Structures are given as structure tokens and as C-alpha cells.
Amino acid sequence: MNPLLAALVLVTVGQDPAVSRDGRWLAYVADTGGLWIRAYSGGDPRQVAAQGSAPAFSPDGGSLAFRGKDGVYVSAVAGGRSRLVASGGERPRYSPDGKQIAYHSASGLYLVAASGGQARQVHPGGKHAVWSPDGSRLLFQACRGESCDWLVSPTDGSKTTVAAQGRNATPELWMASDQILFTEKNRLWTAGLAGGPPRRLTTADHDERSPVLAPDGTILYTSIEENIDVYMMRLDADRGIAKGAPARITNDPSIDQRPSLSRDGRRIAWETSRGGNFEVWVKDLVSGAERAITSGPLREHMPAVSRDGARLLYDAHDGETVTVFAADFQGGQAVKIITEDVGQGSFQWTASGREALYFHRAPPGTVGLLNLETKQRTPLLRHPKFNLSLADARLSPDGRWIAFPVPYAAHRSRLAVAPVTAGKVIEDERDWTYVTPEVWNASQPEWSPSGRWLYFLSDETGRLAVHALKLSASKTPVSGAKLILDLGDTSTSISEMRPRDIGLAIAKDKLALGAATRTGKLFSIRPSAPQATR
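Residues numbered from 1 in each chain as written. Predicted model: local features only at pLDDT ≥ 70, side-chain atom pairs only at ≥ 80, totals over all residues. Heavy atoms only, no water.

Draft legend 1. Up close: the overall build of the chain. Looking only at helices and strands, one finds 1 helix and 47 strands in the chain. Computed over C-alpha atoms, the radius of gyration of the chain comes to 25 Å, within 12% of the 24 Å expected from 2.2 N^0.38 for 534 residues, which places it in the range of a compact globule. Projecting the C-alpha coordinates of the chain onto the three principal axes gives extents of approximately 70 × 45 × 45 Å. Relative to its full complement of 534 residues, the chain shows a buried share of 57%. Expressed as a percentage of contacts within the chain between residues at least 6 apart in sequence, the contacts between residues at least 24 apart total 43%. (Helix = DSSP H or I, 4+ residues; strand = E, 2+ residues; numbered from the N terminus. Rg over C-alpha atoms; globule rule 2.2 N^0.38 Å. Buried < 20%, exposed > 50% of the residue type's maximum accessible area, 1.4 Å probe, protein only. Contact = heavy atoms within 4.5 Å.)

This is the structure we're talking about:
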């Protein structure tokens, strides 16, 4: 039996716990929203901030740092106004002496004085920093491509060294004897900084995250349950004006994601795991009637509604074999379009309804037009380096432009727009123009019906949200990006979803996307060995 295992104790309902060093206070994010604080021993909580996450107490217990609406804030535990100390920053952590705060942003890992001021960059790609017990070093994660390493950087600015190669895990606590508590695949583990096999801290098959150490030796962490549904919001798409809050249009315990809207916003399709396997469902937003389009043993997903709402495309996966189908929105027998051993997906109907924009996964990944009658392919865009990242390309309503994400780092991309020219394949970076900077992670482009606005997902504010750019006739930005929808730090968010599963969809009068509702419970566990220290 793992000597670390012990009985779990339910502390409260919520997420992201933090415990003051003197054991007096517990801070956490409520499932109903907001950052709250209460006595660690129990009692009534009081709200610290309407939006907040990743709290951390100062060593003296007098202040609380947290991720707020637009960066790292610090608030006095006794109450009062919060102050911004690091714009765009997230996951703040106080140094053991309380003088500095480590945090990361889209541009890397930083240190800033706890009182605020000019921040100093520690590492351009660093994130998820934890302090050594004596405060002399920072351990953090840095990724290149799909591989991540743990690095250690002395706080005096001397040479950064590699602590563990290929460690695709998030460091959470630096404990005694150089033991590191970390999360990997949403499970809690410990491992020695110098090496050795990791040990699981718990045995439950739950989503475990955000562990913190209490002064009595217990470890608090969040156990998460998640449900993904499709949400919709009123929107004047050709003016970039959001109208009201998003409302859920699916309500069941299955996964409902990747919506697609008709241009007039009267019909919607999405993929769902109802019945245990992914299927395609549709809903008439006027009558409220909904139905399953597919059923069976195969994964059928990535639906795309035609512009007039009469038909839809989707693909069905049978191992490595993928078949593209077309079906009437009202139901009936689906028509097989094409079957191949290399997957396709991310469809978009053209204005004529006779062709569809598709992504063909055979390297180099190619975006092109597929004639639904003749099955003839017309390549439009490909690049051997970027390959799969081009999958979410979208044609402008007039078919003269194409917008697509271009990766520049692991799991990060920026948006580009290129003109579509008959007989020419776009395959050189000189053929396109970037419309978002590298400091944002931008993906999932979607055009407004007029083509004057380009909507997309971006972490410009520090967390994933929906933004839009107004474009000129030559498809260059007229002004800066406009924030359209930010779900904030409420229990419903898109921050941890894959952009492709979110599936941003735009109609003339509404926006639809998949979003995850997370409910959390705080548990405590007392490890018997090794002894943890702060």
C-alpha cells in the first residue's frame, strides 16, 4: 500500500483552495462564482472579489494574491479594495519572505514586488512556478512543442538548469527533502527533484487539482466534476455588439459541444455523447424541436449546417477510416459523400451549397474545396510545418478570403488571412497577412455574415474568451480586438477546453459555443510520509 494514502475529509464545496501559514484562514473559489474567505476551522465565508481564482496567502497571512479580471491582484485579508500588481498575470505565488510574487502570463514567467512595480522576466516560456522552501529558487514548467521540462532558476538571476526532462506535469508544491507535489493528468503525485519514481497521493478516480499545504500537515485539493453543454448568446454579428448573457440550450449529463449555426440563426447542430457514443443532434431554435440525426456504434461528429439551414455535413469514424455524410436537417437517409483512410473534418459550406471547405489530414494537411457531387478536390491551403493547425480555416462569406490559425509555440497560434486566387494554392507565409500578434493565443476564426468582422477565441485578457476584429476591405484590422464574451472565473467557462471542442459558431444574430460547467469539492488528506514543509 502507498504509505502516503490516508482517509479523505470533505472540507467544503468549492475550488482552488489556499490556506494561510498560521492556519487561520481558508480562501477558495465558490462554484456560484467569486473568491471567498472563511476561518479554516469553519464558519461563514465572506466574498473577497466577484471574480477571482488561484488564490495565495502572503506568509504573514495579511494579504491574499489572486488572479482577477485582468491580472494579478492583492487584497488585504481584513478587507478593502484590491489592487492590481501584474496586468495579464495569473497563478500568483508569494515568496517565503513575502517580498515577491511569482506569476506567469502569455509571455512567460515573471517576478514582481509584492507591493507592485516593474516586473522582471525569469523565463520567456515559463509557467506554474513554485518556490523552494528557502526562497532562493523557482521550479517551473517550460514546453517546446509537445514536450515539457521542469527548470530551476535561482532568484538572483544566475543560470537556469534543467531539473527533469520530458516532465509533462504541473508542479504544485516544493516540499521537504526536495520532494515535489505535482499534478499530471488530473491526479496528485509526489516525486523527488533529483529523480526516482513518482508516487500517487490518492487512489480515487477523480479529477484532482490545485493542492495546497496546511500548517497541520494536511493537503487540501479540489475534486472536480465537469459537464459540457452548448450555450448561445444574442449578437449583432455585423456590428460586433453582444446583447445579453449566454444561455444554455442543452441540459443533460452528456458532452454537448462543437455547435454549428445556419446563417439566419434559426437552426443549430452539435455533437453529443448522449447514449455513450458521439452522435449528431440538431435543434430548430424557432419551434424548439430537436432530434438525433445519427445513431450507432461509430463516432459521428463535427457537424456543419449549410448556410440556409436545409442540410448538414458530418463525418463518421471507424478506426482510421473516415466517411463524410450529408443529411437533411429534417432527417431522413444520409448520403455518403466520400470514404478514406485518412481523417477529414472541420467542414464549412460554400455559398452555392455544392461545395464544402474541408481539411484533409494526410501530411501535409490540406485545406480545400470538396465538390459534393463529383467528389473532386480543389486544394486552397497547405503547409508541411503547420499541418493539423490549419484544420480550423474558414472562408469569408464571399469566398474571396480565408482565415486560419498558424502555430508559433506549443498549443499557441495566431490568426492569418489570405486572398483566395483561382488555380493557386496558399503554401508560403508570404501569401498571408497576420491579423493577431504572437502575444495572444488566437484560434477558431469565424466570419460575420457580411465578412466585415472576424470572430475568434483568444487569451488576450489572460484567459480564453471570444474576441472580434473589424476588418477593412483588404482584410486588415481597422482597430484593436473587441472583447465579445468573457465567461470569467465562474463555474462555467471555456478556459480548460480544447478550442476545437468549444466550436465557436456565428450567425447574423447570435453566437454559440460549447462551455464546461465545473463543480468542485475541497478535500483534505494527511500524508504519513514524507513530511511536508512550506
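Draft legend 2. Just the sheet that holds strand E18 (residues 170-174), in detail. Read from one edge to the other, the open sheet built from 4 strands follows the order E18-E19-E20-E21, with strand pairing classed as antiparallel. Edge positions in the open sheet fall to E18 and strand E21 (195-200), since each of these has one partner strand only. Between one strand axis and the next, the sheet turns through 30 degrees on average, direction left out of account. Of the strand pairs in this sheet, E18 and strand E19 (residues 179-184) are connected by 4 bridges, and their pairing is antiparallel. Residue pairing across strands places Pro-171 opposite Phe-182, the latter belonging to E19. (Pairing = 2+ DSSP bridges. Axes fitted to C-alpha atoms, helices over the stretch in contact; angles between N-to-C directions.)

Draft legend 3. A look at the pattern of salt bridges. Scanning the entire structure with this criterion turns up 26 salt bridges. We note a salt bridge from Arg-91 to Glu-172, for which the minimum N-O separation is 3.0 Å. Here Arg-91, found in strand E10 (residues 90-94), pairs with Glu-172, found in strand E18; they are 81 residues apart in sequence, far enough to count as distant. Summarising the burial analysis for this pair, Arg-91 and Glu-172 share the class buried. Across the salt bridge formed by Asp-459 and Arg-412, the nearest N and O atoms sit 3.0 Å from each other. Of the two residues, Asp-459 is situated in the loop between strand E42 (453-458) and strand E43 (465-470) and Arg-412 in strand E39 (residues 412-419); the sequence distance between them amounts to 47 residues. Accessibility expressed as a relative area gives 18% for Arg-412, which makes it buried. A network of salt bridges, in which partner residues are shared, links Asp-207, Arg-209, Glu-226, Glu-496 and Arg-518. (Salt bridge = Lys/Arg side-chain N within 4 Å of Asp/Glu carboxyl O.)

Draft legend 4. View of the packing of aromatic side chains. Counted under the stated rule, the structure contains 8 aromatic pairs. Measuring from centroid to centroid gives 5.7 Å for Tyr-103 and Tyr-110, while their planes differ by 15 degrees, and the two rings are stacked. No difference in accessibility class separates Tyr-103 from Tyr-110, as the two residues are buried. Where Phe-386 meets Trp-432, the ring centres are 6.2 Å apart and the plane angle is 55 degrees; that geometry is what we call tilted. With Phe-386 in the loop between strand E36 (377-382) and strand E37 (394-395) and Trp-432 in the loop between E39 and strand E40 (433-434), this pair connects stretches of sequence that are 46 residues apart. For the pair Phe-386 and Trp-432, one class covers both residues: buried. Connected via pairs of aromatic rings, a cluster forms that spans Phe-386, Phe-404 and Trp-432. The ring of Trp-150 has Arg-167 lying over it, and the distance from NZ or CZ to the ring centre is 4.6 Å. Here the basic side chain of Arg-299 rests over the ring of Phe-278, its NZ or CZ set 4.4 Å away from the ring centre. (Phe/Tyr/Trp six-rings, centres within 6.5 Å; stacked < 30°, edge-to-face > 60°. Lys NZ or Arg CZ within 6 Å of the ring centre and 35° of its normal.)

Draft legend 5. Spotlight on the sheet that holds E36. Taking strand neighbours across the sheet as the criterion, the 4 strands line up as E33-E34-E35-E36 in an open arrangement whose pairing is antiparallel. What marks the edges here is a single partner per strand, and that holds for strand E33 (344-349) and E36. Across the sheet, the axes of successive neighbouring strands diverge by a mean angle of 25 degrees, strand direction being ignored.

Draft legend 6. Structural detail: the nonpolar core. Grouped together as the largest cluster of nonpolar side chains are 23 residues, with contacts concentrated most on Tyr-455, Val-466, Ile-484, Leu-511 and Leu-513. Mapped by element, the contributors of at least two residues to this core are strand E23 (219-236), E42, E43, strand E44 (482-485) and strand E47 (510-525). Once residues within four sequence positions are removed from consideration, Val-466 is found in contact with Phe-456, Leu-457, Lys-482, Leu-483, Ile-484, Leu-485, Leu-504, Leu-511 and Leu-513. Counting 18 residues, the second largest nonpolar core, distinct from the first, contains Val-367, Leu-369, Leu-381 and Ala-391. (Core = buried A, V, L, I, M, F, W, Y, C linked by side-chain atoms within 4.5 Å.)

Draft legend 7. Here's a closer look at the state of the cysteines. If you walk through the whole model with that rule in mind, you get 1 disulfide. One disulfide bridge connects Cys-143 with Cys-148, the sulfur atoms lying 1.9 Å from each other. Linking Cys-143 and Cys-148, the disulfide has an S-S dihedral of approximately 95 degrees and is accordingly described as right-handed. (Disulfide = S-S within 2.5 Å.)

Draft legend 8. Structural context of the pairing of E36. In this structure, strand E35 (residues 366-371) lies alongside E36, joined through 5 bridges in antiparallel fashion. Its bridge partner lying in E36, Leu-370 is registered against Arg-377. Here E35 hands over to E36 after 5 residues, with Lys-375 in that stretch at a positive phi of 70 degrees.

Draft legend 9. Main features of unusual backbone geometry. In the Ramachandran plot, Lys-185 falls in the positive-phi region, its phi being about 50 degrees despite a non-glycine side chain. Topologically, Lys-185 is positioned in the loop between E19 and strand E20 (187-192). Non-glycine residue Gln-444 carries a positive phi angle of around 55 degrees. Take Gln-444: it is sitting in strand E41 (residues 442-447).

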